[in-house]
Amino acid sequence: MLRAIDLPEALAQRLMEMGLVPGSTVSAPFAAPGGDPRVYRVDGAEVALRREMAQFLTLETPEDPA
Amino acid sequence: MSPRSALALPAACHDEPPAPPRGSKARIVAIVGPPNAGKSTLFNRLTGLRQKVANYPGVTVEQHRGRVRLPSGDEIELIDLPGVYSLVHRSEDERVTHDTLLGRMPGQPRPDAVLLILDSTSLARHLVLAANVLSCNLPTLVVLNMGDELRGRGGSLDVTALSRQLGAPVVLVSAARNEGIDAVRAFLAGEVVRPLPIALPALQDVPACHKWATRMGADAGYRAPAPPMWTRRLDSVFLHPVGGPLVFLAVVLAVFQSIFTLAKPLMDVVSGAIEGSGSWLAAHLPASLLRDLLVDGIWAGVGAVVVFLPQILILFLFIGILEDSGYLARAALIADRTMAKVGLQGKSFIPLLAAYACAVPAVLATRTIEDKRDRLATILIAPFMTCSARLPIYTLVIAAFLPEQPLLGPFLGTRAAALLGLYVLGFLAAVGTARLLKSSILRSERTDFVLEMPPYRWPSFRQLGLRLVDRSKVFLHRAGTVILAASVALWILANVPRHDGQAPPIAESVAGMLGRTVEPLIAPLGFDWRIGIGLVTSLAAREVIVGTLGTIYGIEGTAESVGLQEALRMHLTVPAAVGLLVFFAFAMQCTSTIAVVRRETGGWKWPAVQFGYMLFLAWTGAFVANRITAILLGS
Ligand SMILES: Nc1nc2c(ncn2[C@@H]2O[C@H](COP(=O)(O)OP(=O)(O)O)[C@@H](O)[C@H]2O)c(=O)[nH]1
């Protein structure tokens, strides 16, 4: 799950408009050879980001509350 | 408080348009939508060939305008605005869209109505833009596109319910399959009605907009379609750690190869037609100055450039297929790491590939690069890639000075190797310059690389065809203006001053004097005044030098003719010939490129810097190449 985006306002808003809103479930199914950039899938949309940018996204694995 | 109070915050559209008079019809309608929602498809559907591409004054965003004829016989002007996710303007595209909707674009009247195109398969995301557009309070039709895909993948929604919630009419269409387009035409033909006021979220607060959009969708019974299975299957091949790069290489090689092999017969046909019609004119017109101007000046000059049309169209066809199918985004992803090594990024890859045909479309293709520095760096290095206009002079000089011998058995001869070497030279200059730029004036801490991966789709032939027609128009327009003017000017300069009604010997013409003026500057490179004229005239376009040398040596100027090669050998030493090749590899001899760089960078500064830098490199490179060759030959 995407917790927070720690990037400049304008850039963060751009990512959010593309679907990377905090609270959404993100997976990373594909990557370029070498593992960077990586494709992030959220809500049916897929967005590729370089590691230098993706490192500012806080992702967390949801704990199973049960 | 009014339901629109949220708009008191910084919002997209903060002023109300004047109320349309009752019963008025729309005259100007804007198409707004996120990238890849199908704006151009719908635009082409509605306008067909009745459209033109223009540039907004002062910005680098291309503008498509077209006319729609209504059943009543009236016409509506349709404007295809750049793709945006919101109207909170940060990028140039967003600013243009925002300002146009507000009527703040200079020289552009405010649209009377909006067609808002959203992709129905990503409705929850795309409705965010609806909040932005509805806040402008312009009469709006919400067009949910890709209806065929939504249905095909098992999604659905209640259009009436969504329309009620948004306070604006909604239609579900498929632009590609021409389904539901009549409803769009009916909207255009009808009276314009402002949307009913509804509560909108604060537009700056993107998460709130998302919540709003998701709720709107859910309340309209939106059932999201199943994930695009084919896209995932294809991506597991095209983005496979090993398979991906292999496919990528194959695609690049295929494009590269077809630019040459596929284009060759077509180019032969075109050049045959030009030569044929030229000699027909020469034979059928009475001998006169006008005939000479027409045949030797215009036909030879403009013809030399029009020959490249097939090559350029083939390149655009390939790029169009790659783009519309969705593969281009994957190619950019795969190329990103390699490009990063020279300080660039994956999105620079496509323009640089295009530059092998011609730098002009390459510079236009840099528009997809959001990062300003990377875009500028790509524009600045694109003219180093070996474009097709360099081929005539390369082949001429190589054939004149290098005897053909097998190097690698039947696979590679000396001449092909020399040509390949020139390609590598241009590529190295591009890479070196990119490094230099990105480690100095265009240095950036972080590259804003955000690349959306669209689902794979079948490209539509109609779309591709319209685009090629569009490109041909642009290209032929240039041939009919810039290159026409240059050819006429050269012909006149080579024919004045006249003595007793006779053209002067070329050395004494104005063109000849021009050549003599630059001679001292190029003498260190081993070039005489004849080459000097060629260098001056080829400022218009590189390939012009071959025709110019032909005229100057007083013989028919084709790269294949032995006569011209013979003449070159008489006037040029081997070291000077090598220098000439290097000069052409580096110099920015192309007015079209200079013009397009000026337009895309918004001023003369960058093209001037670029021209100066490339000229400096060309002169130095030619000088060094000359010296080294001379030493190697022991002379
Ligand atoms: N299946 C389907 N594909 C479509 C439809 N409309 C457009 N496309 C495809 O979607 C892609 C993007 O369309 P385009 O018009 O270029 O989008 P734009 O970026 O908004 O101008 C192209 O490959 C189109 O062929 C549609 O109604 N159904």
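Residues numbered from 1 in each chain as written. Chains lettered and ligands numbered in written order. Predicted model: local features only at pLDDT ≥ 70, side-chain atom pairs only at ≥ 80, totals over all residues. Heavy atoms only, no water.

### So, the overall build of chain B
Note the cut-off: Strands are runs of DSSP state E lasting at least 2 residues, helices are runs of H or I lasting at least 4, and numbering of each runs from the N terminus. Only C-alpha atoms enter the radius of gyration; for comparison, a globular chain is expected to reach 2.2 Å times N to the power 0.38, where N is the number of residues. Residue contacts follow a heavy-atom distance rule, with two residues in contact if any of their heavy atoms lie within 4.5 Å. Neither His nor the chain ends is counted toward charge; the positive residues are Lys and Arg and the negative residues Asp and Glu. By convention, the charge on Lys lies at NZ, on Arg at CZ, on Asp at CG and on Glu at CD.
Tallying secondary structure elements over chain B gives 26 helices and eight strands in all. Its C-alpha atoms give chain B a radius of gyration of 28 Å, within 12% of the compact-globule value 26 Å for 635 residues. By its C-alpha atoms, chain B is 90 × 60 × 40 Å across when sized along the principal axes. The long-range share in chain B, meaning contacts at least 24 apart out of those at least 6 apart in sequence, stands at 72%. Side chains of chain B carry 58 positive and 46 negative charges; the gap between the two charge centres is 4 Å.

### Things to note about the overall build of chain A
Our working definition: Exposure categories follow from relative accessible area, calculated using a 1.4 Å probe and restricted to protein chains: below 20% of the type maximum is buried, above 50% is exposed, and the middle band is partly exposed. Residue exposure ignores everything except the shown protein chains as possible cover, and the areas themselves are Shrake-Rupley values with a 1.4 Å probe.
Helix and strand content of chain A: two helices and five strands. Taken from N to C terminus, the helices and strands of chain A fall in the order β-α-β-β-β-α-β. Relative to a compact globule of 66 residues, whose C-alpha radius of gyration would be 11 Å, chain A shows 12 Å and is just as compact. Viewed in the frame of its principal axes, chain A has a C-alpha envelope of about 35 × 30 × 20 Å. Counting only residues that meet the buried cut, chain A has 53% of its 66 residues in that class. Expressed as a percentage of contacts within chain A between residues at least 6 apart in sequence, the contacts between residues at least 24 apart total 33%. If you sum the accessible surface of chain A, you get close to 3,100 Å²; carbon and sulfur atoms cover 50% of it. If you average the places of the 6 positive and of the 10 negative side-chain charges in chain A, the two averages end up 7 Å apart.

### As for a nonpolar patch on the surface
As a reminder of what qualifies: Like charges within 9 Å and nonpolar side chains (Val, Leu, Ile, Met, Phe, Trp, Tyr) within 5 Å are joined into patches, using only residues over 30% in relative accessible area that form no salt bridge. Here, a salt bridge means any side-chain nitrogen of Lys or Arg that lies within 4 Å of a carboxyl oxygen of Asp or Glu.
Taken together, Val424, Phe427 and Leu428 of chain B make up a surface patch of nonpolar side chains, about 270 Å² in accessible area. Among the secondary structure elements, Val424 of chain B is positioned in helix α18 (residues 414–438).

### As for the site of the ligand
Residue and element names in this part refer to chain B. To keep things clear, this is the line we draw: When at least one non-hydrogen atom of a residue lies within 4 Å of a molecule or strand, that residue is treated as near it. Polar contacts here mean pairs of N or O atoms no more than 3.5 Å apart (in protein, one a potential hydrogen donor and the other a potential acceptor; neighbouring residues in sequence count only if both atoms are side-chain atoms). The residue classification treats Ala, Val, Leu, Ile, Met, Phe, Trp, Tyr, Cys and Pro as nonpolar and Asp, Glu, Lys and Arg as charged. All others, Gly included, are polar.
Taken together, 17 residues are adjacent to the ligand, and Asn36, Lys39, Ser40, Thr41 and Asp148 come closest. Within the backbone of Asn36, an N or O atom sits 2.8 Å from an oxygen atom of the ligand. Out of a free accessible area of 580 Å², the ligand has 88% covered by protein chains. Residue assignment for the shell around the ligand shows that the elements contributing at least two residues are α1 (39–47) and α4 (147–152). When grouped by side-chain class, the residues that make up the shell around the ligand number six nonpolar, six polar and five charged.

### Things to note about the side chain of Thr366 of chain B
As for its position among the elements, Thr366 of chain B is in the loop between α15 (359–365) and α16 (372–381). Excluding residues that lie within four positions of it along the chain, Thr366 of chain B makes contacts with Pro351, Arg375, Thr378 and Ile379 of chain B.

### Quick notes on the packing of aromatic side chains
Residue and element names in this part refer to chain B. Quick reminder of the rule: Each pair of aromatic rings taken from Phe, Tyr and Trp, with Trp reduced to its six-membered ring, is defined by centres within 6.5 Å and is described as stacked if the planes are under 30 degrees apart, edge-to-face if over 60, and tilted in the remaining cases.
Taken as a whole and assessed by the stated rule, the structure comprises nine aromatic pairs over all chains. Ring centres of Tyr356 and Tyr423 lie 5.9 Å apart, and the angle between their planes is 35°; this geometry places the pair in the tilted category. Note that Tyr356 is positioned in the loop between α14 (349–354) and α15 and Tyr423 in helix α18, a separation of 67 residues in sequence. According to the relative accessible area criterion, Tyr423 is buried, its value standing at 11%.

### A closer look at the nonpolar core
Residues and elements named next belong to chain B. Formally: Working definition of a nonpolar core: buried Ala, Val, Leu, Ile, Met, Phe, Trp, Tyr and Cys residues. They are joined through side-chain atoms within 4.5 Å.
Within the largest apolar cluster, 112 residues are counted, with the highest numbers of intra-cluster contacts made by Ile393, Phe527, Leu535, Leu568, Leu572 and Leu580. Setting aside anything within four residues of it in sequence, one finds Leu580 in contact with Ile393, Val397, Phe527, Ile531, Leu535 and Leu572. Counting 40 residues, the second-largest nonpolar core is a separate cluster that includes Leu81, Leu166, Ile198 and Trp212.

### Structural notes on the interface of chain A and chain B
With 29 residues of chain A in contact, the opposing surface of chain B contributes 35 residues. At the junction of chain A with chain B, the criterion picks out one salt bridge. For Arg50 of chain A, the salt bridge is made with Asp336 of chain B, and the minimal N-O distance between the two is 2.8 Å. At the boundary of chain A with chain B, the tally comes to eight residue pairs in polar contact (both at pLDDT 80 or more). Of all the secondary structure elements, the ones that give two or more residues to the side of chain A that touches chain B are α1 (9–17), β2 (26–31), β3 (38–42), β4 (45–49) and α2 (51–54) of chain A. Per element, the largest residue contribution to the side of chain A that touches chain B is seven residues, and it comes from α1 of chain A.

### Structural notes on the packing of α1 of chain B against helix α6 (residues 181–189) of chain B
Geometry of a packed helix pair, given as the angle between the helix axes and the separation of the axes. All names here are of chain B. The condition that has to hold: Where helices are involved, their axes are fitted lines through C-alpha atoms of the stretch in contact, as for all axes, and angles between N-to-C directions lie from 0 to 180°. Here the angle decides the label: under 35 degrees means roughly parallel, over 145 means roughly antiparallel, 65 to 115 means roughly perpendicular, and every other value means oblique.
Where α1 meets α6, the axes come as close as 11 Å, and the angle between the chain directions of the two elements is 70°. Taken as axis vectors, α1 and α6 run roughly perpendicular relative to one another. On the side of α1, the interface is formed by Leu42, Arg45 and Leu46, while α6 contributes Ile181, Val184, Arg185 and Leu188.

### Digging into the side chain of Ser348 of chain B
Residue and element names in this part refer to chain B. Tracing the backbone shows Ser348 in the loop between α13 (327–341) and α14. There is a polar contact of 3.0 Å between the side chain of Ser348 and the side chain of Thr378. Not counting residues up to four positions away in its chain, the partners in contact with Ser348 are Met339, Ile369, Asp374 and Thr378.

### What about the state of the cysteines?
All names here are of chain B. What counts here: In this description, the term disulfide denotes a pair of cysteine sulfurs within 2.5 Å.
Inspection of the entire model under this criterion finds zero disulfides over all chains. In this model Cys358 remains outside any disulfide bridge; the closest cysteine sulfur is found in Cys590, 6.3 Å from its own. With no disulfide of its own, Cys387 lies closest to Cys358 among cysteine sulfurs, the gap being 6.4 Å. Exposure remark for Cys387: the relative accessible area of 5% places this residue in the buried category.

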